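Next come the chains, spelled out residue by residue.
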Amino acid sequence: AIQSLPAKQHGGIAKLKGIVNPNLDDVLSIKISTPNFLFNEQLNYTVWLEPDGSFQLDIPLPGPQDVYLVYGDHLTTLFLAPEASLTIHITEVDPRQWLFMGSTADLSRDIASYMKLERKALKKITKTYHKEDMKLEAEAHRQKRLALKEIQEEFFRDYRTIPL
């Protein structure tokens with residue numbers, strides 16, 4: 001079944017909760033990193049796991065967006081939205097094996113699977129790259145991020161001038 005996002009598309013609190021399999025003994029906490037393009041920084045939200053492996057975290061977001069989930073020495077991407085709840089059951093390191101529930105579950109599952117496959121493909125590609133080629137790719141990516149930052153800064157400048 002296709003799930004829809006909440007109608008509310010502006011900022012609010014996204015709720016992330018779940019449980020981590022006790023066999024993953026290197027996972028002691030869950031950290032969410034969200035990009036803040038306005039100030040060119042990452043915002044981090046961390047919660048320690050309860051003794052039973054459960055966790056719950058409220059994350060303020062300006063709107064629906066993808067975020068990084070750090071668990072142990074591992075990283076994946078999830079999709080969260082304000083006023084929405086996502087529950088995950090981290091059964092093993094590979095996020096393609098996790099159970100997702102909530103209004104952003106389908107998209108989070110798809111992103112996590114895609115990112116895992118993309119990293120495999122990237123490893124194959126980077127083996128053939130020379131250092132100079134990788135520097136050019138990194139600079140191109142940096143330029144795209146800066147362009148996105150400028151667009152967001154312009155939006156916030158315009159937004160502040162709108163009379164309420």
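See above for the structure.
Notes on the structure follow.

What counts and how
- Residues numbered from 1 in each chain as written.
- Predicted model: local features only at pLDDT ≥ 70, side-chain atom pairs only at ≥ 80, totals over all residues.
- Heavy atoms only, no water.
- Helix = DSSP H or I, 4+ residues; strand = E, 2+ residues; numbered from the N terminus.
- Pairing = 2+ DSSP bridges.
- Axes fitted to C-alpha atoms, helices over the stretch in contact; angles between N-to-C directions.
- Salt bridge = Lys/Arg side-chain N within 4 Å of Asp/Glu carboxyl O.
- Buried < 20%, exposed > 50% of the residue type's maximum accessible area, 1.4 Å probe, protein only.
- Phe/Tyr/Trp six-rings, centres within 6.5 Å; stacked < 30°, edge-to-face > 60°.

### A word on the environment of P51
- Examined against the element boundaries, P51 turns out to sit in the loop between β3 (41-48) and β4 (54-61).
- In this structure the C-alpha to C-alpha distance between P51 and P22, which are 29 residues apart in sequence, comes to 9.3 Å.

### Describing the sheet that holds strand β6 (residues 74-80)
- With antiparallel pairing, four strands are arranged side by side in an open sheet as β3-β2-β5-β6. The open sheet terminates on both sides in strands that have one partner only, identified here as β3 and β6. The average angle at which neighbouring strand axes cross in this sheet is 25°, direction not considered.
- Taken together, the eight bridges between strand β2 (residues 29-36) and β3 define a ladder with antiparallel strand orientation. When the sheet's bridge partners are listed, I32 is paired in β3 with Y45.

### Regarding the pattern of salt bridges
- Considering all chains together, one arrives at three salt bridges under this definition.
- K15 is the salt-bridge partner of D58, the closest N and O atoms lying 3.3 Å from each other. In this pair, D58 is assigned in strand β4 and K15 in strand β1 (residues 12-20), connecting sequence segments 43 residues apart.
- Of the residues examined, K15 reaches a relative accessible area of 37% and is grouped as partly exposed.
- Residues D106 and R109 are paired through a salt bridge, measuring 3.1 Å at the closest nitrogen-oxygen approach. A residue pair is termed a helical-turn pair when its members lie 3 or 4 positions apart in one helix, as D106 and R109 do in helix α1 (residues 105-128) at three residues.
- Judged by its relative accessible area of 28%, R109 falls in the partly exposed class.

### Notes on the pairing of β6
- The buried fraction of β6 amounts to five of the seven residues, a majority that puts the element mostly inside the structure.
- The pairing of strand β5 (residues 65-71) with β6 spans seven bridges and is classified as antiparallel. Counted as the bridge partner of Q65 is L80 from β6.
- Counting the residues in the hairpin turn of β5 and β6 gives two residues, including G72, whose phi is positive at 60°.

### Considering the packing of aromatic side chains
- Applying the stated criterion across every chain yields a total of two aromatic pairs.
- Ring centres of Y71 and W98 lie 5.0 Å apart, and the angle between their planes is 75°; on these two criteria the pair is classed as edge-to-face. Of the two residues, Y71 sits in strand β5 while W98 sits in the loop between β7 (85-90) and β8 (99-102), which places them 27 residues apart along the sequence.
- The buried category is assigned to Y71, whose relative accessible area is 2%.
- Considering the side-chain rings of W98 and F100, the 6.1 Å spacing of their centres and the 35° angle between planes classify their relative orientation as tilted.
- With relative accessibility at 7%, the residue F100 sits in the buried group.
- Members of the aromatic cluster, each reached through a chain of ring pairs, are Y71, W98 and F100.

### Observations concerning unusual backbone geometry
- In this structure, E83 is a non-glycine residue whose phi angle is positive, near 65°.
- Tracing the chain through its elements places E83 in the loop between β6 and β7.
- Overall, the relative accessible area of 46% leaves E83 in the partly exposed class.

Shape descriptors only; they carry no functional weight alone.
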